[in-house]
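Take a look at the letters that make up each chain.
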Amino acid sequence: MSARRKKRQMTVYLDPALSRAIGEMATRRRQSGSLVVETALTAFFTPGDDATGEAATGRRLDRMERRLARLERDVGIGVETLVSSA
């Protein structure tokens, strides 16, 4: 069993709106506020993480493109049905 490094406590002062946003994110993800902040800071300080973010954005855009293509196809079918039944 590996020994876990003990985490260090740090006190910071945050803008009330930022503090609320952290609390809301923690509630949505069912995690502690500390974990949300730690994850955000890790992502911020990790070098080369931009490529990971760009890849995730690309995947989301691809997914959106496929959904839009399906929607366009479905609307086309609906229009053809309405025109042919009139």
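Note that the structure is a prediction, hence the values are computed from the model and not measured.

Moving on, we get to the overall build of the protein. The secondary structure content of the protein amounts to three helices and zero strands. Along the protein, helices and strands appear, N-terminal first, in the series α-α-α. Among the 86 residues that make up the protein, the fraction classed as buried is 5%. Just so you have it, the protein exposes about 8,600 Å², and 58% of that area is on carbon and sulfur atoms.

For Arg30, which is not a glycine, the phi torsion comes out positive at approximately 55°. Mapping Arg30 onto the fold places it in the loop between α1 (16–29) and α2 (33–45). By relative accessible area, which is 80% here, Arg30 ends up exposed.

Taken together, the side chains of Leu68, Leu71, Val75, Val79 and Val83 present a nonpolar region at the surface, about 480 Å² in accessible area. Using a relative accessible area of 48% as the deciding quantity, one classes Val75 as partly exposed.

Moving on, we come to α1. End to end, α1 covers 20 Å across 14 residues, agreeing with the expected 20 Å (1.5 Å per residue, within 8%). The positive-phi residue at the C-terminal boundary of α1 is Arg30, with phi of around 55°.

So, on to the packing of α1 against α2. When two helices pack together, their arrangement is given by the angle between the helix axes and the distance between those axes. Remark: α1 packs on α2, axes separated minimally by 8 Å, with the N-to-C direction vectors making an angle of 105°. Regarding the angle of α1 to α2, the classification is roughly perpendicular. Here α1 contributes Ile22, Met25 and Ala26 to the contact with α2, which in turn contributes Gly33, Val36 and Val37. Here the residues of the contact of α1 with α2 are counted per class, giving five nonpolar, one polar and no charged.

It is worth spelling out the confidence of the model for the protein at this point. This prediction gives the protein a mean pLDDT of 87; 90% of its residues lie at or above 70. Here helix α3 (residues 49–85) stands out as the element of the protein with the lowest mean pLDDT, 88, in contrast to α1, whose mean of 94 is the highest.

Calculation criteria
Residues numbered from 1 in each chain as written. Predicted model: local features only at pLDDT ≥ 70, side-chain atom pairs only at ≥ 80, totals over all residues. Heavy atoms only, no water. Helix = DSSP H or I, 4+ residues; strand = E, 2+ residues; numbered from the N terminus. Buried < 20%, exposed > 50% of the residue type's maximum accessible area, 1.4 Å probe, protein only. Areas by Shrake-Rupley, 256 points an atom, 1.4 Å probe, with all protein chains shown as cover. Patch = residues over 30% accessible without salt bridge, like charges linked within 9 Å, V, L, I, M, F, W, Y side chains within 5 Å. Salt bridge = Lys/Arg side-chain N within 4 Å of Asp/Glu carboxyl O. Expected span 1.5 Å × (residues − 1). Axes fitted to C-alpha atoms, helices over the stretch in contact; angles between N-to-C directions. Parallel < 35°, antiparallel > 145°, perpendicular 65-115°, else oblique. Contact = heavy atoms within 4.5 Å. Nonpolar A, V, L, I, M, F, W, Y, C, P; charged D, E, K, R; others polar. pLDDT = per-residue confidence, 0-100.

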